[in-house]
Each structure stands twice: as structure tokens, then as C-alpha cells.
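Spelled out from the first residue to the last, the chains are:
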Amino acid sequence: MNPTDAAAAATQAATQAAVQVATTDNMNFLQRAFSEGGIVMYIIAAIAIMSIIVIVDRIMKLKNLNVDKKEFTDQIFRMVVAGDLRQAISYCDARPAALTNTVKAGLVQAMNKRPDEEIQVAMDAAVMREMPKVEGWVSFLAVFGNIAVLAGLLGTIIGMIGSFRAVAVADPATKSIELSKGISHALNCTAFGLLVSIVCIVAYGLFQHRIQKTENEVVETSMSLLNLVVANREKIRD
């Protein structure tokens, strides 16, 4: 290739690169990231969508399962002290949640004059039934967080390999462009993988805190109810 042809090729490559950069600049941030990040970006996007579905589902479910513990226990304990367990059970039925369903299991056994051990066993079994409903698919957020990081690292490696491979075979005029493409690919995958992972891990931590708080409330209230029933057995009406 003579010097004139080489200069023309370099000019053409520079022009194409300039057109490509101008086109890319007109795209919004997400479009540009997906354009530059390659196929791994779609894997990260799929993880992000599944994470959002789990997060929205848990927010809605936990909101519906929310019970004012103080008001609930005040009303239930007042009915138990008065011996009116049927009214207490109806009160629980009107507010279906992990706490109310567990207390109801104990109240039903108490109304049937069952021993203290059976009341406790019924409430323990209710806790085991109700807590998985509260937890839902929250544990998958931790899995999604880890997979997002790994997918981001995979995209980084693929981008760097493609970058070095393209630089090795490119002519001097386009080496810097090919290197920039590879680095952009790698950094977009890293950034989006970390972003999705951070959202998943933060949401997982917050949900776990809320789930643990709910479980503590259920266990504490069931123990208090058992003690109250034992102390007021003679007042229980049929």
C-alpha cells in the first residue's frame, strides 16, 4: 500500500469513527450502554427485570400482611381475659396475616380445651406455615445479586479479550478505536452488573430485616398468648 492509499484509508476510518461516535452520542444513556455492552448486557437486564418483579411482589405482599401489633394484641388479650375466644378468632379472621393466623391457631386449640402443649404445638406449626409466605422469593435477591456481579465480570473479560484481539489485527489508524470499543464494552458490563447487584443486595437486606421483625413479633405474641390462656382457662366460655 503506497503512502497515498494509506492516508486515504486512515481518513476514511477516521470519518467512519466520527460518524459512529456522533450517532452514539445521540442515543440515550441506556441505549448507548446496551449498544456498547454487547450480549452480556441483555443477561444483566434479564436479572434486573426478575429482581424488580421480586421486589415489587414483596413490597405489595408485606404491605398487605402488615398488622398493628399493639392494637391487635390489646384487642386479643382483652377478649381472652374476658373468656370470649370466639370473638377473638373472628377478630383474627378479619385480619389475615402471619401474626393473626398464628394466634388464631392457638385460640382454636384453647377453645377446644386442649392441653397447653397442644396449643403451643399448633402455634409453632402455624409459624412454620406462615413464615415461608412472608419470605416469598426474597432469598433469590441474594442469588440475583451474585449472578449480576459475575455476569458483569464476564462481560468485562469478553470486552477485554475482544479489545486485545481487535488491536492485534487492526491497522495503526484504527487501533485506538478498537481499543476504546473493547474498554467501553468491559466498563458498561461492569457498571451495570454492579448496579443491579447493589440494588438486589440492599433490597435483600431490607426485606430480611422486615421478615425477621415479623417472625420475632409472631413468636413473642404466641408465647404471651399461651401464658395468658393458661392464666385465664377458667374464664373461657364455650
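1. Re the overall build of the protein chain
Each helix and strand in the protein chain was counted, giving 9 helices and 0 strands. Secondary structure of the protein chain in N-to-C order comes out as α-α-α-α-α-α-α-α-α. Intrachain contacts of the protein chain at a sequence separation of at least 6 include 77% that bridge at least 24 residues. As displayed, the protein chain offers around 13700 Å² of accessible surface, 65% of which is attributable to carbon and sulfur atoms.

2. Thoughts on the nonpolar core
Ranked by size, the top nonpolar core spans 48 residues in total, and within it F72, I76, V80, V103, L107 and L225 carry the most contacts. Contributing elements (two or more residues each) for this core: helix 3 (40-64), helix 4 (69-81), helix 5 (85-93), helix 6 (98-111), helix 7 (116-135), helix 8 (139-169) and helix 9 (175-231). If you tally residues by element for this core, the top one is helix 9, at 12 residues. Dropping the residues within four chain positions of it, I76 is found in contact with A88, Y91, C92, V103, L107 and L225.

3. Brief notes about the packing of helix 7 against helix 9
It is the contact of helix 7 with helix 9, at a shortest axis distance of 11 Å, that shows an interaxial angle of 165 degrees. Between helix 7 and helix 9, the interaxial angle falls into the category roughly antiparallel. For the crossing formed where helix 7 meets helix 9, the hand is right-handed. In this structure, helix 7 uses D116, I119, Q120, M123, V127, M131, V134 and E135 to contact helix 9, whose residues at the interface are I211, T214, E215, V218, S222, L225, L226, V229 and V230.

4. With respect to the environment of A105
Take A105: it is sitting in helix 6. It is 9.7 Å that separates the C-alpha atoms of A105 and C92, two residues lying 13 residues apart in sequence. In contact with A105, other than residues within four places in its own chain, are A122, M123 and A126.

5. A short note on the confidence of the model for the protein chain
The share of residues in the protein chain with pLDDT of 70 or more is 88%, and the mean pLDDT across the chain is 85. Mean pLDDT values for the elements of the protein chain range from 54 in helix 1 (residues 3-26) up to 92 in helix 3.

6. Structural notes on a nonpolar patch on the surface
Together, W137, F140, V143 and I147 make up a nonpolar patch on the protein surface, roughly 380 Å² of accessible area in all. For I147, the location among the structural elements is in helix 8.

7. Considerations on the pattern of salt bridges
Following the criterion strictly, the structure yields 8 salt bridges and no others. For D74, the salt bridge is made with K70, and the minimal N-O distance between the two is 3.1 Å. Of the two residues, D74 and K70 are both situated in helix 4; the distance of 4 residues between them amounts to about one turn of the helix. Residue K181 is joined to E178 by a salt bridge in which the shortest nitrogen-to-oxygen separation is 3.9 Å. On the criterion of helical spacing, the pair formed by K181 and E178 is a turn pair, its members being 3 residues apart in helix 9. A relative accessible area of 38% means that K181 is categorised as partly exposed. A residue is classified by how much of its surface remains accessible, and E178, at 24% relative accessible area, is partly exposed. One connected set of salt bridges, linked through shared partners, spans D57, R58 and K61.

Rules used throughout
Residues numbered from 1 in each chain as written. Predicted model: local features only at pLDDT ≥ 70, side-chain atom pairs only at ≥ 80, totals over all residues. Heavy atoms only, no water. Helix = DSSP H or I, 4+ residues; strand = E, 2+ residues; numbered from the N terminus. Contact = heavy atoms within 4.5 Å. Areas by Shrake-Rupley, 256 points an atom, 1.4 Å probe, with all protein chains shown as cover. Core = buried A, V, L, I, M, F, W, Y, C linked by side-chain atoms within 4.5 Å. Buried < 20%, exposed > 50% of the residue type's maximum accessible area, 1.4 Å probe, protein only. Axes fitted to C-alpha atoms, helices over the stretch in contact; angles between N-to-C directions. Parallel < 35°, antiparallel > 145°, perpendicular 65-115°, else oblique. Left-handed = near helix turned anticlockwise from the far one by under 90°. pLDDT = per-residue confidence, 0-100. Patch = residues over 30% accessible without salt bridge, like charges linked within 9 Å, V, L, I, M, F, W, Y side chains within 5 Å. Salt bridge = Lys/Arg side-chain N within 4 Å of Asp/Glu carboxyl O.

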